[in-house]
Amino acid sequence: AAGAWQALVELFHRQGDSAGVAQSLASWAGDARVLENGAKKVEHLLGASAIAWHDLHQPEQAAGYLESALALAPGNEAALAELEQLALQTGTLDGAIEILRRHLRDTRPDQGKQVLRLLIRLLVAVGNRQAEAGEACNVLIELFPEDQEGLQQLLAPRGSGLAGEGDGDPVASLDALYQMLV
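Residues numbered from 1 in each chain as written. Predicted model: local features only at pLDDT ≥ 70, side-chain atom pairs only at ≥ 80, totals over all residues. Heavy atoms only, no water.

Some thoughts on the overall build of the chain
- Broken down by element type, the chain carries 10 helices and 0 strands.
- The N-to-C order of helical and strand elements in the chain reads α-α-α-α-α-α-α-α-α-α.
- Taken over 182 residues, the chain has a buried fraction of 41%.
- Sequence separation of at least 24 residues holds for 46% of the intrachain contacts in the chain that already meet a minimum separation of 6.
- Of the roughly 9,500 Å² of accessible surface on the chain, a fraction of 52% belongs to carbon and sulfur atoms. (Helix = DSSP H or I, 4+ residues; strand = E, 2+ residues; numbered from the N terminus. Buried < 20%, exposed > 50% of the residue type's maximum accessible area, 1.4 Å probe, protein only. Contact = heavy atoms within 4.5 Å. Areas by Shrake-Rupley, 256 points an atom, 1.4 Å probe, with all protein chains shown as cover.)

What follows is the structure, encoded as structure tokens:
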């Protein structure tokens, strides 16, 4: 079955049909008859996402392929990095945030560190979702108390009531963080 998908992808490529290539790659990844490991299926979905984003200018479709990749491989760094770049460069932050929230529901806590980190970064980037970013930081720190990125985000000044608000005094920031954690 993998050979048939490969031939179809190559046919669409020779014809210059980017939409056909992207759809074939995504279908290949989802074909249960193809005995490929999850990493290979994620690779197909990353390829489909890149085509949808860069060639077809369909960021929503690209995000859908990335969501499928995350369903196959929770916490996959390449898929998360691509989702972050897609969201930041196309302004689809809210859509990416919703994908991450849905994904967190189906992800074991020990697999959610990278997803939570990205969720926090995107919530901060939106600008008006600081309280949600603070809540996500608290969850990250609760699950992973030693997480440096989570602690840094928690300490970052935002004017939202999170630790770090005020005159920028690092001792005061640490005291505020300590109060939040106890």
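What follows continues from the structure just given.
Side note on the pattern of salt bridges
- With the rule as written, the count across this model stands at 11 salt bridges.
- Here R102 ties to E67 by a salt bridge, and the two come within 2.9 Å at their closest N and O atoms. Residue R102 is located in helix α6 (residues 93–105), and its partner E67 is located in helix α4 (residues 59–72); the two are separated by 35 residues in the primary sequence.
- Residues R121 and E149 are paired through a salt bridge, measuring 2.5 Å at the closest nitrogen-oxygen approach. Of this pair, R121 sits in helix α7 (residues 113–126) while E149 sits in helix α9 (residues 148–155), placing them 28 residues apart in sequence.
- Residue E149 is classed as partly exposed on the basis of its relative accessible area, which comes to 22%.
- In this structure, a network of salt bridges that share partners links the residues E84, R117, R121, D147 and E149. (Salt bridge = Lys/Arg side-chain N within 4 Å of Asp/Glu carboxyl O.)

Remarks on helix α3 (residues 38–55)
- Counted at 1.5 Å a residue, the expected span for α3 with its 18 residues is 26 Å, and the 25 Å between its end C-alpha atoms agrees.
- If you check which residues of α3 are buried, you get K41, V42, H44, L45, L46, A48, S49, I51, A52 and W53.
- At its buried positions, α3 is contacted by α2 (18–30), α4 and α5 (77–90).
- Phi for H57, located one or two positions after α3, is positive at around 55°. (Expected span 1.5 Å × (residues − 1).)

Here we look at the nonpolar core
- L25, Y65, L83, L100 and L122 are the most contacted members of the largest nonpolar core, which totals 49 residues.
- Beyond its immediate chain neighbours, meaning those up to four positions away, Y65 contacts A22, Q23, A26, L45, A48, S49 and A52. (Core = buried A, V, L, I, M, F, W, Y, C linked by side-chain atoms within 4.5 Å.)

Considerations on the confidence of the model for the chain
- Taken residue by residue, the chain gives an average pLDDT of 85. The fraction at 70 or more is 86%.
- Per-residue pLDDT stays below 50 along residues 159–174; that stretch engages in 18 contacts with residues further than four places along the chain or on separate chains. (pLDDT = per-residue confidence, 0-100.)

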